[in-house]
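What the coordinates show
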Amino acid sequence: MPAPESAPERPATGQSPEPPVDHTLERERRHLGDARTALRRMREHTAGLTAIGGDHVSTEHLKQVLYRRMKALEDDPVVPLFFGRLDYDTRLGGELDETLYIGRRHVTGEIGGEPLVIDWRAQMSLPFYQARPGEPMGVRSRRRFGFSHGQLTAYEDEDLTSVGGVSGLESEILESEIERPRTGPMRDIVATIQPEQDRIVRARLSDSLCIQGAPGTGKTAVGLHRAAYLLYAYRDQLARSGVLVVGPNDSFLSYIGDVLPALGEIDATQATVSSLVSEATGAAIRGLDLVPAALVKGDARMATVLRRAVWGHVTRPTEALVVPRGAYQWRVGSYLAVEIVDELTSRGVRYEAGRTMLPQRLAHQVLLRMEAAGDSPDDRVQNAVARSKPVKTYADLLWPRLDPAKLVLRLLTDAGFLATAADGILTREEQQLIMMTKPARSAATARWSLADVVLIDETADLINRTPSLGHVIVDEAQDLSPMQLRAVGRRASTGSVTVLGDLAQATTPWATSSWAESMAHLGHPDADVEELVAGFRVPGAVIDFAARLLPRIAPQLTPPHSVRRNRGALDLRLSTAVGGDLAAATREALEREGTVGVIVPDAAVPTARAALERAEVRYDLLGEDAQVFDARVDLVPASLAKGLEFDHVVLLEPADIVAGEPDEVTGLRRLYVCLTRAVTSLVVVHAAPLPGALDAAPAA
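Before going into details, it helps to say that this report is about the structure given with it. Since we're looking at a predicted model, the values are computed, not measured.

Definitions and limits used
- Residues numbered from 1 in each chain as written.
- Predicted model: local features only at pLDDT ≥ 70, side-chain atom pairs only at ≥ 80, totals over all residues.
- Heavy atoms only, no water.
- Helix = DSSP H or I, 4+ residues; strand = E, 2+ residues; numbered from the N terminus.
- Buried < 20%, exposed > 50% of the residue type's maximum accessible area, 1.4 Å probe, protein only.
- Contact = heavy atoms within 4.5 Å.
- Areas by Shrake-Rupley, 256 points an atom, 1.4 Å probe, with all protein chains shown as cover.
- Arc of directions from axis to C-beta.
- Salt bridge = Lys/Arg side-chain N within 4 Å of Asp/Glu carboxyl O.
- Axes fitted to C-alpha atoms, helices over the stretch in contact; angles between N-to-C directions.
- Parallel < 35°, antiparallel > 145°, perpendicular 65-115°, else oblique.
- Nonpolar A, V, L, I, M, F, W, Y, C, P; charged D, E, K, R; others polar.
- Core = buried A, V, L, I, M, F, W, Y, C linked by side-chain atoms within 4.5 Å.
- Pairing = 2+ DSSP bridges.
- Polar contact = N/O pair within 3.5 Å; in protein donor to acceptor, adjacent residues only side chain to side chain.
- Phe/Tyr/Trp six-rings, centres within 6.5 Å; stacked < 30°, edge-to-face > 60°.
- Lys NZ or Arg CZ within 6 Å of the ring centre and 35° of its normal.

Quick word on the overall build of the chain
Helices and strands together make up the secondary structure of the chain, namely 28 helices and 22 strands. Along the three orthogonal principal directions, the C-alpha set of the chain runs to about 120 × 70 × 45 Å. Within the chain, the fraction of its 700 residues that count as buried is 53%. A separation threshold of at least 6 residues defines the contact pool for the chain, and within that pool the share at least 24 residues apart is 73%. Summing over all exposed atoms, the chain offers an accessible surface of approximately 31,900 Å²; the carbon and sulfur share of this is 51%.

With respect to the environment of Val332
Relative to the helices and strands, Val332 is located in strand S11 (residues 328-332). Residues contacting Val332, with those up to four places away along its chain left out, are Ala320, Leu321, Leu362, Gln365, Val366 and Arg369.

Some remarks on helix H22 (residues 515-522)
Buried within H22 we find Trp515, Ser518, Met519, His521 and Leu522. Here the buried residues of H22 occupy an arc of 160° about the axis, which is enough to place them on one side. In this structure, the buried residues of H22 make contact with strand S7 (209-213), helix H21 (482-489) and strand S13 (496-501). Just downstream of H22 lies Gly523, where phi reads positive at about 90°.

Some words on helix H15 (residues 379-387)
Among the residues of H15, Val381, Gln382, Val385 and Ala386 are the ones counted as buried. For H15, the arc enclosing every buried residue in end-on projection is 135°, short of the 170-degree limit, so these residues lie on one face. Relative to its buried face, H15 has exposed residues pointing more than 90 degrees away, namely Arg380 and Arg387. Buried residues along H15 sit against strand S10 (321-325), helix H14 (351-372) and helix H16 (389-398).

Details of the pattern of salt bridges
Oppositely charged side chains can pair when the atoms bearing their charge come close. Applying the stated criterion across every chain yields a total of 38 salt bridges. Here Glu28 and Arg85 are joined by a salt bridge, their closest N and O atoms 2.8 Å apart. Highlighted residues: Glu28 in helix H1 (residues 23-47) and Arg85 in strand S1 (residues 82-88), separated in sequence by 57 residues. The exposure classification of Glu28 matches that of Arg85, with both residues buried. Residue Glu352 is joined to Arg401 by a salt bridge in which the shortest nitrogen-to-oxygen separation is 4.0 Å. Taken as a pair, Glu352 in helix H14 and Arg401 in the loop between H16 and helix H17 (404-413) lie far apart in primary sequence, 49 residues in all. A single network of salt bridges, built from pairs that share partners, joins Glu28, Arg85, Asp87, Arg143 and Asp157.

Looking at the packing of H15 against H16
Following both chains from N to C, one finds H15 and H16 inclined at 55°, their axes separated by 5 Å at the closest point. Relative to H16, the element H15 is oriented oblique. Judged by residue contacts, Val385, Ala386 and Arg387 of H15 engage Lys389, Val391 and Lys392 from H16. Here the contact of H15 with H16 is composed, by residue class, of three nonpolar, no polar and three charged.

What about the nonpolar core?
In a soluble, globular protein the nonpolar side chains are often hidden away together inside. Counting residues in hydrophobic clusters, the biggest one holds 102 residues, and the most contacted among them are Trp120, Val499, Leu651, Leu675 and Leu682. For this core, the element with the most residues is helix H6 (residues 219-233), which contributes eight residues. The next biggest cluster of nonpolar side chains, apart from the first, holds 60 residues, and it includes Val296, Leu321, Val381 and Met483.

Re the sheet that holds strand S5 (residues 139-148)
Spatially, six strands are ordered S3-S4-S2-S1-S5-S6 in an open sheet, and the strand pairing comes out mixed. Of all the strands in the sheet, just strand S3 (107-108) and strand S6 (151-159) have a single pairing partner and so form its edges. Direction of pairing for S1 relative to strand S2 (residues 99-103): antiparallel, over a ladder of five bridges. Residue pairing across strands places Gly84 opposite Ile102, the latter belonging to S2.

Quick look at the side chain of Gln130
Relative to the helices and strands, Gln130 resides in helix H3 (residues 126-130). Residue class for Gln130 comes out buried when judged on its relative accessible area of 17%. Engagement of the side chain of Gln130 in a polar contact is seen with the backbone oxygen of Pro195, the distance being 3.1 Å. Here the side chain of Gln130 touches Asp198 through a polar contact of 3.0 Å, side chain to side chain. Gln130 has contacts with Met137, Pro195, Asp198 and Arg199, leaving out every residue within four places of it along the chain.

Concerning the pairing of strand S4 (residues 115-119)
Along S4, four of the five residues are buried, which leaves the element largely enclosed by surrounding structure. Note that S2 and S4 share two bridges and pair parallel. Pairing of Gly103 across the sheet is with Asp119, part of S4. Where S3 meets S4, two bridges bridge the pair, whose relative direction is antiparallel. The partner of Thr108 across the bridge, within S4, is Pro115.

Here we look at the sheet that holds strand S8 (residues 243-247)
Here we have six strands laid out as an open sheet, ordered S9-S8-S12-S13-S7-S14, and parallel in their pairing. Only two strands of the sheet have a single neighbouring strand rather than two, namely strand S9 (269-272) and strand S14 (528-532). Averaged over all neighbouring strand pairs, the angle between strand axes comes to 15°, with direction disregarded. Where strand S12 (residues 471-474) meets S13, four bridges bridge the pair, whose relative direction is parallel. Residue pairing for S13: Val474 is matched across the bridge by Val499. Its contacts with the sheet place helix H10 (residues 273-281) against S8 and S9, and it is angled at close to 100° to S9.

Quick look at the packing of aromatic side chains
If you walk through the whole model with that rule in mind, you get 12 aromatic pairs. Summarising the aromatic geometry, the rings of Tyr101 and Phe145 are spaced 6.3 Å apart at their centres and angled 15° between planes, so their arrangement reads as stacked. With Tyr101 in strand S2 and Phe145 in strand S5, this residue pair connects regions lying 44 residues apart in the sequence. With relative accessibility at 10%, the residue Tyr101 sits in the buried group. Summarising the aromatic geometry, the rings of Phe145 and Phe147 are spaced 6.5 Å apart at their centres and angled 65° between planes, so their arrangement reads as edge-to-face. Judged by its relative accessible area of 5%, Phe145 is buried. By the ring-pair criterion, three or more aromatic residues cluster together here, those being Phe82, Tyr101, Phe145 and Phe147. The ring centre of Phe128 lies 5.2 Å from the NZ or CZ of Arg144, which sits over that ring.

From the geometry alone we can't say anything about function, so treat these as descriptive.
In structure tokens, the structure reads:
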């Protein structure tokens, strides 16, 4: 911490010495006050504007623009408007000798419109994350600010003109911000983004990226900040095409839901794969597949089966088309109709597009015959012929209308239809696995599983092209099946993707074994793969303990390491009364600052609930209670722990978490996920022996 700029006066005899006045800190506090006043003025000015367009549609559009602007200008008094400062110097390559404050949004002063705060995403803010001694990027000094409840409390300067001094995680302010206890959902990391993370965040919109990130490396936060950056840097383009964030479950989306709004961005859509395909197809997910059936339905080969099932409905004509018009009958030979059908099917168009073109092509042949007979028909005549009953009936016989849900229902209930579509692709045993045991009367009453609805979504895309978004960010992507990856990928067929995940945390039976395979299913095989292994959130004692599992679950990955000086706390407690010890450990965690996650095997949720209620511990149960993260304690079934983070974790019975999965490797991966949710401390309560590599005394 810098020394005060002036020495304190000598106190009078008998008086307590007054603390020295730090004039620099006072000036920075005044700047913060001025920035808040200016932001309030900007919001008041926006609120005073009236949306008046040339018509109703443009007026409503302007209202939405003003609404989004108002949301972006909201001021949270507990969040600082700026967290850093850059002093540019022309002698070091800066365009001007100027001082810029770096924050979550741009704030403009009243006089001359000078910027009081620069948005962290602006090009001028780049040195705050990338500059270093020896490569100052035109900046003489970088200052970091410490805050408490929105009030500026400290500052720390880094001289970029010389080697040495405070840098990176040697900064006490930066480290304390990274380790600051959390309350409520996930928050942004805009003040602590590291250079390797910043390079990912600021990659071009056209770049598709895959981020393999170990626990605590901030991959989820990096993905969300990339969304915020893209919406800032490519706003006009993405305002038309959109940004989508895909998460693994609703609890996860609730957890991350405040990050983008805190950064002033409300235009990104958030969804799970389930909600995405269910909303797109209108099919409600009410059923659950057994694992063998889900594996077949999620296999990429099903895309070929569905393509055959769709295009198998197109037939080649055997009779001529006859169109009465006036006193004449015009005849189009079957061989000509065959040529038209073959030409359309070879063009690579969607099924419905070909079906729409067929009547026009047939009508064109009729017009050729009319012209040969001396008539002079125009486009209106061709359109009338295309809409005539004989042409429409003939075309419908050759190219019938299809409903995606009805087609998939037939495929899963009609053994003969499935055998034809899957011949040479699925074995007879695989075909039997995916047949519905209780066929539904209609698509509307079917108890569709998630895998079924993904098949419907694939079929819908074969019939009509799925609109593409500008950018899609998908988290925990290692757990998606090939068919689920295809469902996400077609939402970015002409856009780009950012894929986040960790192969060591793959816990579904259909999880991917390589990122190259996943990116191919997504339709972006040339995406760059980045690996993050520096842990900023999970402490060393915890990550080193959990990493003992890596040789079994992901030997190809680089073991992660913690860059924090505070190694955290790890406590393994052998118990003879796990319910009581679980509650006791939770109460101990509550005595410390921050959130508490009680992670238990799914089957042990009733036992854990009873233990916490006996101990009068208030908690939310993830997956059942409202996903608002408003209690300090969250009871988390192991299957829902992925992607979440807590200051303190109490983990119950690792062996039972492993045993709850179909095989040992998947179980150890699930355990790896659960062990790495802690930011400060981890207490493991167990009566059964610890599994495998964990069954040893923790490292000192």
